[in-house]
Amino acid sequence: MSLSLPLGSVFRSRPTRLVALALAVLLVGSACSSATTDPSTAAEAGADQDAATTAEQAPATDPADDGPAAGPDSGQATPGSDLSELVSELPPAPVGFPMADDGPQPTRLTIESLGIDRAPVISVGVETDGAMEVPPADQVGWYRYSPLPGQAGSSILAAHIAFDGENGVFVRLADVELGAVVEVTDEDGLTRSYRVETVDRYAKEQLPEDIVFARSGEERLVLVTCGGRFDPELRSYDDNVVVVATPLDQAS
Amino acid sequence: MRKALQFVAAITLAITLPMLFLAPADAQDGARIHLIHGIPGVDVDVEAGGENVFEGFSFGDTQDLSGLAGATLEGVRVKAAGTDTVAIDAGDIELPASGNFTVIAHLGADGTPTLGVFENDVSTIAAGEGRLTVRHTAAAPEVDILANGEAAFSGVANGAGGTVDLPAGTISASVVPAGETEPVVIGPADLPIAEGQHLLVYAVGSLDDDTLTVLTETIDGLHSNPDRIDTGNSVPQTGSNAALMLLVAGVAAAAGAGTLVVARNRAQA
């Protein structure tokens, strides 16, 4: 049975328990011709299915394991098939310098029911004091380190309720109704539609980070502004209003 | 024979798919150990315990050794692919039980193949920043690594490197002989520093053979979040729609009351 070529190529693409074991058996077998191992042991272990089953259930007692190397006392480092099955191939390390993979950024936000009509959206980051950057009252900030709309995770759009006496784009965000449609247009002109699923208020230091700042998982649009008690001395609100919207085509 | 192969392929797939999902969880429990092939133009087989662990390993290929965390690999030998010619006789290798490591097969300064073991910094990165690691794993003398024209790392010898956190964005990177400004042996290249990501750049190849290039590796999910979101420093003005509606409602109510009063007055009259 000339297994060497096809099994070799399967192994190269992705080692797995069964194939790795079969290959290990094979390698022992093929090594015999050039090396000094006793061929009979390997040939007996070549009863593939039995060997494979045994290895699946109790890797440490692989019947093909009569090699001179690591014993059971060295943990997982048993030779041959057991090693192979604990190793997995990953995508290759890229050669050459990487490129930034920037997608089209959001540029406009519309929430018709709140009278927000194509409000300008700009990219924002983090202030030196660790707070998220928020643009002037008449603009919406897309947190540039959050996913793009359309990607997995929470894409964050924040705007003022009011700033320096001027009403912000999100002055009425707390009043948005469940099911209201939210539209985001990107710089390529593509508009994505979402519907409002939840409207919640949290103390600023108790934002649910797993929802607001999720970088993977369910695709969400997270709209954030301020709310709750206004402290006139600190000129600051106690709470954040957090509106979560999900893609319209997925919503019922 | 073909049917047998299809069977093997089907079994392979059936076993591989669940393993793909299991792998990250396993990795988090113990160590994360990746092995990268960093020698251009040489395909190798890697042997441990007297048997090949994997074969036909070529430049850039990466293997996940996390499943072997804490184990000792005995008699590790890197051989020219398909031969018994030993390129690196690494002896016994103890793999760490925890931590984040990259093992790279690379050329030493004099061109001799070697295995380098590096621990990667996977601590949390400040919001708005990314992390850059550069490692000298090429057959070349000491170098300076320039970021935006300034020496970010000086006098870096083969087997050494450095790590720095930078504001997210793009930097121009280049590699020059230590203490010199030219010739630029690698780059200049625009290097994207992605927020919350650790980018590891390995200079590989050989200066003499004119095969110098870089390999990269990334570790994601090290970001942290902004401390807070301040979205207001004043109260909404009455000109707002909400306030306007309240105002309108108030006026309407007052008008209604007025009408009532008038009606009552009329009735009294």
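Residues numbered from 1 in each chain as written. Chains lettered and ligands numbered in written order. Predicted model: local features only at pLDDT ≥ 70, side-chain atom pairs only at ≥ 80, totals over all residues. Heavy atoms only, no water.

Asks: Teacher, can you tell me more about the packing of aromatic side chains here?
Replies: When we look at a pair of aromatic rings, we describe it by the centre distance and by the angle of the planes. Residues and elements named next belong to chain A. A complete count under the given rule lists five aromatic pairs over all chains for this structure. Seen from their ring centres, Tyr143 and Phe213 are 6.4 Å apart, and the 75° between their planes marks the pair as edge-to-face. Residue Tyr143 is located in strand E4 (residues 140-143), and its partner Phe213 is located in the loop between helix H6 (209-212) and strand E10 (220-231); the two are separated by 70 residues in the primary sequence. Measuring from ring centre to ring centre gives 4.8 Å for Phe230 and Tyr237, while their planes differ by 55°; the resulting arrangement is tilted. With respect to burial, Phe230 and Tyr237 carry one shared label: buried. Three or more aromatic residues joined by ring pairs form one cluster here, namely Tyr143, Tyr145 and Phe213. (Phe/Tyr/Trp six-rings, centres within 6.5 Å; stacked < 30°, edge-to-face > 60°. Helix = DSSP H or I, 4+ residues; strand = E, 2+ residues; numbered from the N terminus. Buried < 20%, exposed > 50% of the residue type's maximum accessible area, 1.4 Å probe, protein only.)

Asks: Sorry if this is basic, but what is going on with the sheet that holds strand E3 (residues 116-124) of chain A here?
Replies: Backbone hydrogen bonds are what pair the strands of a sheet, in a parallel or an antiparallel way. Residues and elements named next belong to chain A. Strand order in the closed barrel made by the eight strands is E2-E3-E4-E5-E10-E11-E9-E8, with mixed pairing throughout. On average, adjacent strands in this sheet sit at an angle of 35° to one another, irrespective of strand direction. Pairing geometry for E4 and strand E5 (residues 154-158), over two bridges, is antiparallel. Along E5, the bridge assignment pairs Trp142 with Leu157. (Pairing = 2+ DSSP bridges. Axes fitted to C-alpha atoms, helices over the stretch in contact; angles between N-to-C directions.)

Asks: Just checking my understanding: could you explain the domain arrangement of chain B for this structure?
Replies: Size of an interface: often given as the accessible area lost when the parts come together. Residue and element names in this part refer to chain B. Splitting chain B by domain gives domain 1 (31-119) and domain 2 (124-225). Using C-alpha coordinates to define each centre, domain 1 is positioned 23 Å away from domain 2. Carbon and sulfur atoms supply 67% of the area buried between domain 1 and domain 2, which totals about 1,300 Å² over both sides. The largest per-residue losses of area from domain 1 upon contact with domain 2 belong to Leu107, Ala109 and Phe118, which jointly make up 35% of the total buried on that side. For the pair domain 1 and domain 2, the interface holds one salt bridge. (Domains from an automatic or database assignment. Buried area = accessible area lost by both parts, 1.4 Å probe. Salt bridge = Lys/Arg side-chain N within 4 Å of Asp/Glu carboxyl O.)

Asks: So what exactly am I meant to see when it comes to the environment of Pro40 of chain B here?
Replies: Residue and element names in this part refer to chain B. Position of Pro40 relative to the elements: it lies in the loop between strand E1 (31-37) and strand E2 (44-48). A sequence separation of 191 residues divides Pro40 from Thr231, and the C-alpha atoms of the two residues are 53 Å apart. The contact partners of Pro40, leaving out residues within four places of it in the chain, are Phe59, Gly205 and Thr211. (Contact = heavy atoms within 4.5 Å.)

Asks: I'm lost on the sheet that holds E2 of chain B in this one. Help?
Replies: All names here are of chain B. Strand order in the open sheet made by the four strands is E3-E2-E5-E6, with antiparallel pairing throughout. In the strand order of this sheet, the two ends are held by strand E3 (51-57) and strand E6 (86-94), each with one partner. Taking each pair of neighbouring strands and ignoring which way they run, the sheet shows an average axis angle of 15°. Of the pairings in the sheet, the one linking E2 to strand E5 (residues 72-80) comprises four bridges and is antiparallel in character. Within E5, the position partnered with Glu47 by the bridge is Arg77.

Asks: Looking at this model, I keep getting lost on the confidence of the model for chain A. Mind explaining?
Replies: Note that predicted coordinates carrying low pLDDT should not be read in detail. Of all residues in chain A, 67% attain a pLDDT of 70 or more, and the chain-wide mean is 75. Note on residues 1-80 of chain A: pLDDT under 50 across the span, and 105 contacts to partners over four residues away in sequence or across chains. (pLDDT = per-residue confidence, 0-100.)

Asks: Can you help me understand the confidence of the model for chain B in this one?
Replies: All names here are of chain B. Scored by pLDDT, chain B comes out at a mean of 82, with 77% of its residues at no less than 70. Note on residues 1-28: pLDDT is under 50 here. Beyond four places in sequence and across chains, it has 22 contacts. Here residues 256-269 is modelled with pLDDT under 50, and outside its nearest four sequence neighbours on either side it reaches zero contacts, counting other chains as well. For this predicted complex, the interface confidence reaches an ipTM of 0.71, while the overall pTM sits at 0.71.

Asks: Explain the pairing of strand E13 (residues 169-177) of chain B here, please?
Replies: The two faces of the sheet receive side chains in turn, since in a regular strand these alternate between them. Residues and elements named next belong to chain B. Relative to E13, strand E10 (residues 143-147) runs antiparallel, the two sharing five bridges. Along E13, the bridge assignment pairs Ile145 with Val175. Of the pairings in the sheet, the one linking E13 to strand E14 (residues 186-193) comprises six bridges and is antiparallel in character. Paired with Ile171 across the bridge in E14 is Leu191.

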